[in-house]
Amino acid sequence: MQHLSIFPILIPLLFGAIMLLPPISRDISSQRISSIVGTLFLLASSAILLFKVDNEGVQLYALGGWQAPFGIALVADRISSLLVLLTSFLAFAVMLYSVSGKDKGGAYFHPLFMFQIMGINGAFLTGDIFNLFVFFEVLLIASYALLIHAGGKQKTQAAMHYVILNLVGSSLFLFGLGILYGTLGTLNMADMAIKVGQLEGETATLAKTGALLLLVVFGLKAAMLPMHFWLPKTYASASAPVAALFAIMTKVGIYSIFRVYTVIFGEHAGELANIATPWLWPLALLTILIGSIGVFASPNIRIMSANLVIVSSGSLLACAAINSEAATSAALYYMVHSTLASAGLFLLADVMARQRGKAEDRFVHSRPFVQPKLLGVAFAISALALIGMPPLSGFVGKIMILQATQSTAQTMWVWPLILVGSLAALVTFSRAGTTLFWRHNGSTSSDAEPAKPTEIAGIGLLLLASPTLVLFGGEISEFTQQAAYYLHDIQSSAYDLLPGVTR
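So, how was this worked out
- Residues numbered from 1 in each chain as written.
- Predicted model: local features only at pLDDT ≥ 70, side-chain atom pairs only at ≥ 80, totals over all residues.
- Heavy atoms only, no water.
- Axes fitted to C-alpha atoms, helices over the stretch in contact; angles between N-to-C directions.
- Helix = DSSP H or I, 4+ residues; strand = E, 2+ residues; numbered from the N terminus.
- Parallel < 35°, antiparallel > 145°, perpendicular 65-115°, else oblique.
- Left-handed = near helix turned anticlockwise from the far one by under 90°.
- Contact = heavy atoms within 4.5 Å.
- Salt bridge = Lys/Arg side-chain N within 4 Å of Asp/Glu carboxyl O.
- Buried < 20%, exposed > 50% of the residue type's maximum accessible area, 1.4 Å probe, protein only.
- Nonpolar A, V, L, I, M, F, W, Y, C, P; charged D, E, K, R; others polar.
- Polar contact = N/O pair within 3.5 Å; in protein donor to acceptor, adjacent residues only side chain to side chain.
- Phe/Tyr/Trp six-rings, centres within 6.5 Å; stacked < 30°, edge-to-face > 60°.

(A) Region of interest: the packing of helix H13 (residues 301-322) against helix H17 (residues 408-437). Contact geometry of H13 with H17 gives a least axis separation of 11 Å together with a crossing angle of 165 degrees. As summarised for this structure, H13 and H17 are arranged roughly antiparallel, according to the angle between their axes. In this structure, H13 meets H17 at a crossing whose hand is left-handed. Between H13, through Ile301, Met304, Leu308, Ser315 and Ile322, and H17, the contact on the second element is made entirely by Gln410, Ile418, Ala425, Thr428, Phe429 and Leu436.

(B) Fine view of the pattern of salt bridges. Summed over all chains, the structure comprises 11 salt bridges. Lys52 is the salt-bridge partner of Glu56, the closest N and O atoms lying 3.0 Å from each other. Placement of the pair is Glu56 and Lys52 together in helix H2 (residues 28-56), with a separation of four residues, close to one helical turn. Residue classification places Glu56 among the exposed positions, given a relative accessible area of 54%. Take Lys52: its relative accessible area is 15%, and that puts it in the buried class. Through salt bridges with shared partners, a single network forms among Lys102, Asp350, Arg354, Glu449 and Glu455.

(C) Structural detail: the packing of helix H16 (residues 393-403) against H17. Contact pair H16 / H17: the axes reach a minimum separation of 10 Å and the direction vectors enclose 165 degrees. Compared by their axis directions, H16 and H17 come out roughly antiparallel. Our pair here, H16 against H17, has a crossing hand that is right-handed. Between H16 and H17, the contacting residues are Lys398, Ile401 and Leu402 on the first element and Val414, Trp415, Ile418 and Ser422 on the second. A per-class count over the contact of H16 with H17 returns five nonpolar, one polar and one charged.

(D) Local environment of unusual backbone geometry. Cis geometry marks the peptide bond from Pro22 to Pro23; its omega dihedral reads 0 degrees. Checked against the element boundaries, Pro23 lands in the loop between helix H1 (7-18) and H2. A cis amide bond, omega 5 degrees, links Leu225 with the succeeding residue Pro226. The topology assignment puts Pro226 in the loop between helix H8 (201-221) and helix H9 (231-237). For Asn323, which is not glycine, the phi torsion reads 60 degrees and is therefore positive. Mapped onto the elements, Asn323 comes out in the loop between H13 and helix H14 (325-354). Asn323 gets classed as buried once you look at its relative accessible area, which sits at 19%. With phi around 50 degrees, Glu360 is a residue other than glycine that occupies positive phi space. The topology assignment puts Glu360 in the loop between H14 and helix H15 (372-387).

(E) Highlighting the side chain of Thr250. Counting through the fold element by element, Thr250 comes out in helix H11 (residues 249-264). Judged by relative accessible area, Thr250 falls into the buried class, the value being 0%. A distance of 3.4 Å separates polar atoms of two side chains, one belonging to Thr250 and the other to Lys251. Beyond its immediate chain neighbours, meaning those up to four positions away, Thr250 contacts Lys221, Ala222, Ala223, Leu231, Tyr235, Val309 and Ser313.

(F) Summary view of the packing of aromatic side chains. Under the counting rule described, the total for this entry stands at 19 aromatic pairs. Members of the aromatic cluster, connected to one another through ring pairs, are Phe130, Phe133, Phe136, Phe173, Phe218, Tyr261 and Phe265.

What follows is the structure in C-alpha coordinates.
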(Lines give C-alpha, C1' and ligand atoms only; values in the text may rest on other atoms or scores of the structure.)
Protein backbone atom coordinates (compact mmCIF):
# COMPACT_ATOMS: atom_id res chain seq x y z
CA MET A 1 0.00 0.00 0.00
CA GLN A 2 2.92 2.38 0.56
CA HIS A 3 3.72 2.18 -3.16
CA LEU A 4 0.11 2.71 -4.28
CA SER A 5 0.81 6.23 -5.57
CA ILE A 6 3.06 4.95 -8.35
CA PHE A 7 0.75 2.13 -9.48
CA PRO A 8 -1.21 4.31 -11.98
CA ILE A 9 2.13 4.92 -13.75
CA LEU A 10 3.68 1.46 -13.38
CA ILE A 11 0.65 -0.60 -14.42
CA PRO A 12 0.22 0.87 -17.93
CA LEU A 13 4.03 0.96 -18.35
CA LEU A 14 4.41 -2.74 -17.54
CA PHE A 15 1.40 -3.89 -19.58
CA GLY A 16 2.49 -1.74 -22.53
CA ALA A 17 6.00 -3.20 -22.40
CA ILE A 18 4.70 -6.77 -22.10
CA MET A 19 2.54 -6.34 -25.21
CA LEU A 20 5.63 -5.39 -27.23
CA LEU A 21 7.19 -8.78 -26.53
CA PRO A 22 6.55 -11.91 -28.60
CA PRO A 23 4.34 -13.90 -28.76
CA ILE A 24 1.82 -11.34 -27.41
CA SER A 25 2.98 -8.69 -29.91
CA ARG A 26 1.91 -10.95 -32.81
CA ASP A 27 -1.45 -12.05 -31.35
CA ILE A 28 -4.24 -9.46 -31.31
CA SER A 29 -6.40 -11.61 -29.02
CA SER A 30 -3.67 -11.75 -26.39
CA GLN A 31 -3.18 -8.00 -26.66
CA ARG A 32 -6.90 -7.42 -26.16
CA ILE A 33 -7.00 -9.61 -23.06
CA SER A 34 -3.88 -7.92 -21.70
CA SER A 35 -5.37 -4.47 -22.28
CA ILE A 36 -8.68 -5.29 -20.59
CA VAL A 37 -6.88 -6.87 -17.62
CA GLY A 38 -4.44 -3.95 -17.45
CA THR A 39 -7.14 -1.28 -17.49
CA LEU A 40 -9.13 -3.22 -14.85
CA PHE A 41 -6.06 -3.35 -12.59
CA LEU A 42 -5.51 0.34 -13.26
CA LEU A 43 -9.11 1.20 -12.44
CA ALA A 44 -9.02 -0.81 -9.20
CA SER A 45 -5.72 0.70 -8.01
CA SER A 46 -6.90 4.23 -8.88
CA ALA A 47 -10.11 3.74 -6.90
CA ILE A 48 -8.19 2.42 -3.89
CA LEU A 49 -5.78 5.36 -4.14
CA LEU A 50 -8.67 7.83 -4.14
CA PHE A 51 -10.22 6.26 -1.03
CA LYS A 52 -6.82 6.18 0.69
CA VAL A 53 -6.24 9.87 -0.03
CA ASP A 54 -9.75 10.76 1.09
CA ASN A 55 -9.35 8.91 4.39
CA GLU A 56 -5.67 9.47 5.20
CA GLY A 57 -4.78 12.69 3.39
CA VAL A 58 -2.11 13.49 0.81
CA GLN A 59 0.23 10.65 -0.17
CA LEU A 60 3.78 11.90 -0.86
CA TYR A 61 5.91 9.33 -2.69
CA ALA A 62 9.66 10.01 -2.92
CA LEU A 63 11.23 7.89 -5.67
CA GLY A 64 14.43 6.21 -4.57
CA GLY A 65 13.97 7.55 -1.06
CA TRP A 66 15.24 11.01 -2.11
CA GLN A 67 13.10 13.54 -0.30
CA ALA A 68 11.75 16.69 -1.93
CA PRO A 69 12.89 19.15 -3.13
CA PHE A 70 16.02 17.25 -4.23
CA GLY A 71 14.41 14.02 -5.37
CA ILE A 72 11.54 13.19 -7.71
CA ALA A 73 8.25 13.30 -5.85
CA LEU A 74 4.79 12.05 -6.74
CA VAL A 75 1.91 13.79 -4.97
CA ALA A 76 -1.41 11.99 -4.74
CA ASP A 77 -3.89 14.53 -3.37
CA ARG A 78 -7.63 14.74 -3.90
CA ILE A 79 -7.34 16.50 -7.25
CA SER A 80 -4.69 14.26 -8.80
CA SER A 81 -6.26 11.04 -7.48
CA LEU A 82 -9.68 12.10 -8.82
CA LEU A 83 -8.26 12.80 -12.28
CA VAL A 84 -6.27 9.56 -12.27
CA LEU A 85 -9.49 7.65 -11.49
CA LEU A 86 -11.25 9.59 -14.27
CA THR A 87 -8.50 8.63 -16.72
CA SER A 88 -8.61 4.98 -15.65
CA PHE A 89 -12.38 4.75 -16.02
CA LEU A 90 -12.21 6.43 -19.43
CA ALA A 91 -9.44 4.05 -20.52
CA PHE A 92 -11.44 0.98 -19.50
CA ALA A 93 -14.60 2.14 -21.30
CA VAL A 94 -12.68 3.08 -24.46
CA MET A 95 -10.78 -0.20 -24.42
CA LEU A 96 -14.07 -2.12 -24.23
CA TYR A 97 -15.13 -0.32 -27.38
CA SER A 98 -11.78 -0.85 -29.10
CA VAL A 99 -11.60 -4.63 -28.74
CA SER A 100 -14.59 -5.00 -31.06
CA GLY A 101 -12.26 -4.45 -34.02
CA LYS A 102 -11.22 -0.79 -33.96
CA ASP A 103 -7.79 -1.82 -32.71
CA LYS A 104 -6.93 -3.69 -35.93
CA GLY A 105 -6.46 -0.64 -38.15
CA GLY A 106 -2.74 -0.44 -37.45
CA ALA A 107 0.12 -1.90 -35.47
CA TYR A 108 0.86 -1.40 -31.77
CA PHE A 109 -2.47 0.18 -30.85
CA HIS A 110 -2.60 -1.49 -27.43
CA PRO A 111 0.96 -0.69 -26.27
CA LEU A 112 0.61 2.91 -27.46
CA PHE A 113 -2.72 3.20 -25.67
CA MET A 114 -1.09 2.06 -22.42
CA PHE A 115 1.88 4.39 -22.82
CA GLN A 116 -0.41 7.35 -23.35
CA ILE A 117 -2.33 6.46 -20.19
CA MET A 118 0.98 6.27 -18.35
CA GLY A 119 1.90 9.77 -19.54
CA ILE A 120 -1.48 11.24 -18.59
CA ASN A 121 -1.44 9.69 -15.10
CA GLY A 122 2.15 10.78 -14.58
CA ALA A 123 1.28 14.37 -15.49
CA PHE A 124 -1.50 14.34 -12.89
CA LEU A 125 0.63 12.80 -10.13
CA THR A 126 3.99 14.51 -10.48
CA GLY A 127 5.04 17.07 -7.89
CA ASP A 128 7.94 18.32 -10.00
CA ILE A 129 7.40 20.65 -12.93
CA PHE A 130 10.29 19.18 -14.96
CA ASN A 131 8.74 15.75 -14.70
CA LEU A 132 5.48 17.34 -15.83
CA PHE A 133 7.39 18.13 -19.03
CA VAL A 134 8.69 14.55 -19.20
CA PHE A 135 5.21 13.03 -18.86
CA PHE A 136 3.87 15.55 -21.39
CA GLU A 137 6.38 14.19 -23.88
CA VAL A 138 5.50 10.57 -23.08
CA LEU A 139 1.79 11.12 -23.70
CA LEU A 140 2.44 13.26 -26.78
CA ILE A 141 4.76 10.73 -28.44
CA ALA A 142 2.14 8.02 -27.94
CA SER A 143 -0.60 10.34 -29.22
CA TYR A 144 1.35 11.10 -32.43
CA ALA A 145 1.29 7.42 -33.37
CA LEU A 146 -2.29 6.85 -32.20
CA LEU A 147 -3.52 9.80 -34.25
CA ILE A 148 -2.47 8.19 -37.54
CA HIS A 149 -3.69 4.75 -36.45
CA ALA A 150 -5.45 3.16 -39.46
CA GLY A 151 -3.70 5.60 -41.83
CA GLY A 152 -5.23 7.82 -44.48
CA LYS A 153 -4.33 11.17 -46.03
CA GLN A 154 -6.64 13.17 -43.74
CA LYS A 155 -5.17 11.59 -40.61
CA THR A 156 -1.61 12.21 -41.76
CA GLN A 157 -2.28 15.87 -42.55
CA ALA A 158 -3.97 16.48 -39.21
CA ALA A 159 -1.17 14.63 -37.43
CA MET A 160 1.49 16.83 -39.06
CA HIS A 161 -0.19 20.01 -37.78
CA TYR A 162 -0.61 18.44 -34.35
CA VAL A 163 3.02 17.27 -34.17
CA ILE A 164 4.52 20.56 -35.32
CA LEU A 165 2.46 22.63 -32.89
CA ASN A 166 3.32 20.38 -29.97
CA LEU A 167 7.02 20.38 -30.86
CA VAL A 168 6.92 24.18 -30.71
CA GLY A 169 5.07 23.92 -27.41
CA SER A 170 7.69 21.53 -26.04
CA SER A 171 10.46 23.95 -26.96
CA LEU A 172 8.70 26.81 -25.20
CA PHE A 173 8.15 24.54 -22.20
CA LEU A 174 11.90 23.96 -21.91
CA PHE A 175 12.66 27.68 -22.26
CA GLY A 176 10.16 28.47 -19.50
CA LEU A 177 11.57 25.77 -17.22
CA GLY A 178 15.10 27.03 -17.77
CA ILE A 179 14.13 30.57 -16.82
CA LEU A 180 12.27 29.47 -13.70
CA TYR A 181 15.08 27.18 -12.60
CA GLY A 182 17.57 29.99 -13.10
CA THR A 183 15.55 32.38 -10.92
CA LEU A 184 14.24 29.98 -8.26
CA GLY A 185 16.92 27.29 -8.16
CA THR A 186 14.32 24.51 -7.98
CA LEU A 187 11.59 22.87 -10.06
CA ASN A 188 9.76 21.11 -7.24
CA MET A 189 6.32 22.74 -7.24
CA ALA A 190 6.01 22.99 -3.47
CA ASP A 191 9.51 24.47 -3.16
CA MET A 192 8.80 26.91 -5.99
CA ALA A 193 5.60 28.02 -4.25
CA ILE A 194 7.60 28.93 -1.12
CA LYS A 195 10.45 30.68 -2.91
CA VAL A 196 8.51 32.64 -5.54
CA GLY A 197 7.23 35.19 -3.01
CA GLN A 198 10.83 36.20 -2.23
CA LEU A 199 11.59 37.37 -5.78
CA GLU A 200 11.89 41.09 -6.44
CA GLY A 201 12.83 43.49 -9.21
CA GLU A 202 14.50 42.13 -12.34
CA THR A 203 14.54 38.57 -11.00
CA ALA A 204 10.76 38.68 -10.54
CA THR A 205 10.34 40.07 -14.07
CA LEU A 206 12.45 37.24 -15.48
CA ALA A 207 10.45 34.66 -13.55
CA LYS A 208 7.24 36.24 -14.86
CA THR A 209 8.51 35.71 -18.41
CA GLY A 210 9.08 32.02 -17.69
CA ALA A 211 5.67 31.68 -16.07
CA LEU A 212 3.90 33.27 -19.04
CA LEU A 213 5.78 30.98 -21.45
CA LEU A 214 4.35 28.06 -19.51
CA LEU A 215 0.89 29.60 -19.80
CA VAL A 216 1.28 29.58 -23.58
CA VAL A 217 2.28 25.90 -23.47
CA PHE A 218 -0.57 24.88 -21.18
CA GLY A 219 -2.98 26.98 -23.23
CA LEU A 220 -1.92 25.08 -26.36
CA LYS A 221 -2.61 21.75 -24.64
CA ALA A 222 -5.94 23.06 -23.31
CA ALA A 223 -7.07 24.41 -26.73
CA MET A 224 -7.28 27.97 -25.42
CA LEU A 225 -7.88 30.68 -28.00
CA PRO A 226 -5.99 31.46 -30.24
CA MET A 227 -4.25 28.08 -29.95
CA HIS A 228 -7.42 26.05 -30.37
CA PHE A 229 -7.49 25.78 -34.17
CA TRP A 230 -5.68 22.42 -34.26
CA LEU A 231 -8.28 20.58 -32.20
CA PRO A 232 -11.46 20.18 -34.35
CA LYS A 233 -9.70 18.71 -37.37
CA THR A 234 -7.34 16.60 -35.27
CA TYR A 235 -10.05 15.04 -33.13
CA ALA A 236 -12.46 14.57 -36.04
CA SER A 237 -9.83 12.76 -38.14
CA ALA A 238 -8.75 10.37 -35.37
CA SER A 239 -10.31 6.94 -35.01
CA ALA A 240 -13.20 6.84 -32.54
CA PRO A 241 -11.33 5.23 -29.60
CA VAL A 242 -8.42 7.63 -30.01
CA ALA A 243 -10.71 10.68 -30.20
CA ALA A 244 -12.54 9.46 -27.08
CA LEU A 245 -9.25 9.03 -25.22
CA PHE A 246 -8.15 12.47 -26.42
CA ALA A 247 -11.12 13.93 -24.51
CA ILE A 248 -8.87 13.85 -21.42
CA MET A 249 -5.91 15.49 -23.21
CA THR A 250 -7.13 19.07 -22.95
CA LYS A 251 -7.82 18.46 -19.27
CA VAL A 252 -4.11 17.80 -18.71
CA GLY A 253 -3.37 21.35 -19.86
CA ILE A 254 -6.19 22.79 -17.76
CA TYR A 255 -5.07 20.82 -14.70
CA SER A 256 -1.54 22.21 -15.19
CA ILE A 257 -2.92 25.75 -15.24
CA PHE A 258 -4.81 25.17 -12.00
CA ARG A 259 -1.84 23.50 -10.33
CA VAL A 260 0.88 25.93 -11.40
CA TYR A 261 -1.00 29.23 -11.23
CA THR A 262 -2.79 28.46 -7.98
CA VAL A 263 -0.06 26.69 -6.01
CA ILE A 264 3.05 28.47 -7.35
CA PHE A 265 1.75 31.81 -8.63
CA GLY A 266 -1.26 32.20 -6.34
CA GLU A 267 -2.19 34.83 -3.76
CA HIS A 268 1.04 34.31 -1.80
CA ALA A 269 3.46 34.88 -4.73
CA GLY A 270 4.31 38.51 -3.97
CA GLU A 271 5.00 40.49 -7.15
CA LEU A 272 3.98 37.46 -9.23
CA ALA A 273 0.65 36.85 -7.50
CA ASN A 274 -2.16 35.82 -9.91
CA ILE A 275 -0.10 36.72 -13.00
CA ALA A 276 -2.21 34.45 -15.23
CA THR A 277 -5.61 35.95 -14.35
CA PRO A 278 -5.46 39.05 -16.63
CA TRP A 279 -4.66 36.79 -19.58
CA LEU A 280 -7.06 33.98 -18.73
CA TRP A 281 -10.16 36.15 -18.44
CA PRO A 282 -10.50 37.38 -22.04
CA LEU A 283 -9.02 34.23 -23.60
CA ALA A 284 -11.34 31.91 -21.65
CA LEU A 285 -14.44 33.86 -22.59
CA LEU A 286 -13.41 34.10 -26.25
CA THR A 287 -12.69 30.35 -26.27
CA ILE A 288 -16.28 29.70 -25.14
CA LEU A 289 -17.59 32.06 -27.83
CA ILE A 290 -15.50 30.62 -30.68
CA GLY A 291 -16.29 27.06 -29.58
CA SER A 292 -20.01 27.87 -29.53
CA ILE A 293 -19.83 29.26 -33.07
CA GLY A 294 -17.98 26.10 -34.11
CA VAL A 295 -20.68 23.91 -32.55
CA PHE A 296 -23.40 25.85 -34.37
CA ALA A 297 -21.59 25.55 -37.71
CA SER A 298 -20.61 21.88 -37.40
CA PRO A 299 -21.46 19.71 -40.44
CA ASN A 300 -21.24 16.37 -38.62
CA ILE A 301 -21.24 14.83 -35.16
CA ARG A 302 -17.46 14.41 -34.92
CA ILE A 303 -16.76 18.08 -35.64
CA MET A 304 -19.56 19.05 -33.25
CA SER A 305 -18.05 16.85 -30.53
CA ALA A 306 -14.63 18.42 -31.04
CA ASN A 307 -16.06 21.93 -30.79
CA LEU A 308 -17.93 20.95 -27.63
CA VAL A 309 -14.53 20.03 -26.17
CA ILE A 310 -13.39 23.59 -26.94
CA VAL A 311 -16.49 25.02 -25.21
CA SER A 312 -15.82 22.89 -22.13
CA SER A 313 -12.17 24.01 -22.13
CA GLY A 314 -13.27 27.64 -22.21
CA SER A 315 -15.67 27.05 -19.31
CA LEU A 316 -12.92 25.43 -17.23
CA LEU A 317 -10.47 28.21 -18.06
CA ALA A 318 -13.09 30.73 -16.90
CA CYS A 319 -13.13 28.89 -13.56
CA ALA A 320 -9.34 29.23 -13.41
CA ALA A 321 -9.70 32.97 -14.08
CA ILE A 322 -12.27 33.35 -11.28
CA ASN A 323 -9.59 31.83 -9.05
CA SER A 324 -11.65 30.87 -6.00
CA GLU A 325 -12.31 27.65 -4.11
CA ALA A 326 -15.90 27.56 -5.35
CA ALA A 327 -14.77 27.96 -8.97
CA THR A 328 -12.11 25.25 -8.61
CA SER A 329 -14.67 22.89 -7.06
CA ALA A 330 -17.10 23.57 -9.93
CA ALA A 331 -14.31 23.04 -12.47
CA LEU A 332 -13.43 19.62 -11.05
CA TYR A 333 -17.05 18.43 -11.19
CA TYR A 334 -17.52 19.83 -14.70
CA MET A 335 -14.19 18.35 -15.82
CA VAL A 336 -15.31 14.84 -14.92
CA HIS A 337 -18.69 15.34 -16.60
CA SER A 338 -17.41 16.91 -19.83
CA THR A 339 -14.63 14.36 -20.32
CA LEU A 340 -16.90 11.33 -20.09
CA ALA A 341 -19.82 12.87 -21.99
CA SER A 342 -17.59 14.06 -24.85
CA ALA A 343 -15.85 10.68 -25.08
CA GLY A 344 -19.20 8.92 -25.21
CA LEU A 345 -20.34 11.12 -28.09
CA PHE A 346 -17.17 10.41 -30.09
CA LEU A 347 -17.81 6.67 -29.79
CA LEU A 348 -21.51 7.05 -30.54
CA ALA A 349 -20.71 9.08 -33.67
CA ASP A 350 -18.62 6.18 -34.97
CA VAL A 351 -21.44 3.65 -34.51
CA MET A 352 -23.92 6.00 -36.16
CA ALA A 353 -21.58 6.66 -39.09
CA ARG A 354 -21.18 2.95 -39.79
CA GLN A 355 -24.96 2.50 -40.09
CA ARG A 356 -25.61 5.33 -42.57
CA GLY A 357 -23.46 4.27 -45.48
CA LYS A 358 -21.67 7.02 -47.42
CA ALA A 359 -23.45 9.77 -45.48
CA GLU A 360 -21.63 8.66 -42.32
CA ASP A 361 -22.33 11.12 -39.46
CA ARG A 362 -23.01 14.20 -41.62
CA PHE A 363 -26.22 16.14 -41.07
CA VAL A 364 -27.79 15.14 -44.42
CA HIS A 365 -30.66 12.91 -45.51
CA SER A 366 -29.65 9.27 -45.76
CA ARG A 367 -30.71 5.72 -45.04
CA PRO A 368 -32.24 4.80 -41.66
CA PHE A 369 -30.24 3.27 -38.84
CA VAL A 370 -30.10 -0.46 -38.24
CA GLN A 371 -30.61 0.14 -34.49
CA PRO A 372 -32.69 3.33 -34.35
CA LYS A 373 -34.11 2.88 -30.84
CA LEU A 374 -30.79 2.05 -29.21
CA LEU A 375 -28.95 4.89 -30.95
CA GLY A 376 -31.84 7.30 -30.37
CA VAL A 377 -31.82 6.75 -26.61
CA ALA A 378 -28.02 7.04 -26.46
CA PHE A 379 -28.07 10.21 -28.57
CA ALA A 380 -30.77 11.77 -26.38
CA ILE A 381 -28.80 11.08 -23.18
CA SER A 382 -25.63 12.44 -24.74
CA ALA A 383 -27.43 15.55 -25.99
CA LEU A 384 -29.06 16.33 -22.64
CA ALA A 385 -25.73 15.88 -20.84
CA LEU A 386 -23.67 18.06 -23.19
CA ILE A 387 -26.29 20.78 -23.63
CA GLY A 388 -26.46 21.09 -19.85
CA MET A 389 -30.15 20.35 -19.35
CA PRO A 390 -31.68 18.77 -16.24
CA PRO A 391 -31.64 16.18 -14.82
CA LEU A 392 -28.13 15.19 -15.98
CA SER A 393 -24.67 16.22 -14.78
CA GLY A 394 -24.08 18.92 -17.40
CA PHE A 395 -26.82 21.01 -15.79
CA VAL A 396 -25.34 20.55 -12.30
CA GLY A 397 -21.84 21.39 -13.51
CA LYS A 398 -22.91 24.58 -15.28
CA ILE A 399 -25.00 25.71 -12.30
CA MET A 400 -21.94 25.26 -10.08
CA ILE A 401 -19.84 27.36 -12.47
CA LEU A 402 -22.47 30.11 -12.63
CA GLN A 403 -22.78 30.18 -8.84
CA ALA A 404 -18.99 30.49 -8.51
CA THR A 405 -18.94 33.97 -10.05
CA GLN A 406 -18.09 36.41 -7.29
CA SER A 407 -18.66 39.90 -8.67
CA THR A 408 -21.17 41.65 -10.90
CA ALA A 409 -18.56 41.97 -13.65
CA GLN A 410 -17.84 38.24 -13.58
CA THR A 411 -21.53 37.42 -13.68
CA MET A 412 -22.15 39.80 -16.61
CA TRP A 413 -19.45 38.08 -18.68
CA VAL A 414 -19.65 34.44 -17.65
CA TRP A 415 -23.41 33.86 -17.47
CA PRO A 416 -24.30 35.03 -21.00
CA LEU A 417 -21.46 33.08 -22.64
CA ILE A 418 -22.17 29.85 -20.73
CA LEU A 419 -25.83 30.15 -21.71
CA VAL A 420 -24.92 30.97 -25.33
CA GLY A 421 -22.80 27.82 -25.43
CA SER A 422 -25.74 25.78 -24.16
CA LEU A 423 -28.06 27.41 -26.71
CA ALA A 424 -25.67 26.62 -29.58
CA ALA A 425 -25.47 23.01 -28.43
CA LEU A 426 -29.28 22.81 -28.09
CA VAL A 427 -29.86 24.12 -31.63
CA THR A 428 -27.19 21.88 -33.17
CA PHE A 429 -28.28 18.73 -31.34
CA SER A 430 -31.91 19.43 -32.33
CA ARG A 431 -30.91 19.88 -35.96
CA ALA A 432 -28.73 16.77 -35.86
CA GLY A 433 -31.36 14.59 -34.19
CA THR A 434 -34.09 15.69 -36.58
CA THR A 435 -31.94 15.00 -39.64
CA LEU A 436 -30.35 11.77 -38.50
CA PHE A 437 -33.40 10.03 -37.06
CA TRP A 438 -36.42 11.47 -38.88
CA ARG A 439 -35.29 12.58 -42.33
CA HIS A 440 -34.30 9.36 -44.02
CA ASN A 441 -35.40 7.44 -47.08
CA GLY A 442 -35.14 3.94 -48.48
CA SER A 443 -34.03 0.90 -46.55
CA THR A 444 -31.02 0.35 -44.33
CA SER A 445 -27.63 0.37 -46.03
CA SER A 446 -26.37 -3.01 -47.22
CA ASP A 447 -22.97 -2.42 -45.62
CA ALA A 448 -24.37 -1.09 -42.33
CA GLU A 449 -22.73 -2.53 -39.21
CA PRO A 450 -24.81 -2.94 -36.04
CA ALA A 451 -23.09 -2.06 -32.79
CA LYS A 452 -21.30 -4.97 -31.15
CA PRO A 453 -21.91 -5.85 -27.48
CA THR A 454 -18.54 -4.51 -26.29
CA GLU A 455 -19.17 -1.26 -28.19
CA ILE A 456 -22.55 -0.85 -26.51
CA ALA A 457 -20.94 -1.60 -23.14
CA GLY A 458 -18.22 1.02 -23.66
CA ILE A 459 -20.66 3.73 -24.74
CA GLY A 460 -23.12 2.74 -22.01
CA LEU A 461 -20.51 3.11 -19.26
CA LEU A 462 -19.61 6.61 -20.43
CA LEU A 463 -23.21 7.79 -20.80
CA LEU A 464 -24.37 6.26 -17.50
CA ALA A 465 -21.68 8.29 -15.75
CA SER A 466 -23.80 11.43 -16.22
CA PRO A 467 -26.84 10.33 -14.15
CA THR A 468 -24.44 8.71 -11.65
CA LEU A 469 -22.72 12.08 -11.13
CA VAL A 470 -26.16 13.51 -10.27
CA LEU A 471 -27.21 10.64 -7.98
CA PHE A 472 -24.01 11.01 -5.97
CA GLY A 473 -23.75 14.74 -6.53
CA GLY A 474 -23.66 15.60 -2.82
CA GLU A 475 -20.74 13.31 -2.04
CA ILE A 476 -18.85 14.28 -5.20
CA SER A 477 -19.30 18.03 -4.70
CA GLU A 478 -18.17 17.69 -1.07
CA PHE A 479 -15.07 15.88 -2.30
CA THR A 480 -14.34 18.56 -4.92
CA GLN A 481 -14.78 21.29 -2.30
CA GLN A 482 -12.19 19.63 -0.08
CA ALA A 483 -9.88 19.24 -3.08
CA ALA A 484 -10.27 22.92 -3.95
CA TYR A 485 -9.54 23.96 -0.36
CA TYR A 486 -6.32 21.93 -0.43
CA LEU A 487 -5.19 23.49 -3.70
CA HIS A 488 -5.76 27.05 -2.49
CA ASP A 489 -4.20 26.49 0.95
CA ILE A 490 -0.45 27.15 0.69
CA GLN A 491 0.23 25.31 3.96
CA SER A 492 -1.32 22.09 2.62
CA SER A 493 -0.18 22.31 -1.01
CA ALA A 494 3.40 23.48 -0.33
CA TYR A 495 4.75 23.51 3.23
CA ASP A 496 3.30 20.14 4.25
CA LEU A 497 5.04 18.50 1.26
CA LEU A 498 8.53 19.63 2.29
CA PRO A 499 9.79 17.81 5.41
CA GLY A 500 11.54 20.14 7.79
CA VAL A 501 10.24 23.37 6.22
CA THR A 502 7.88 25.48 8.31
CA ARG A 503 5.94 28.58 7.46
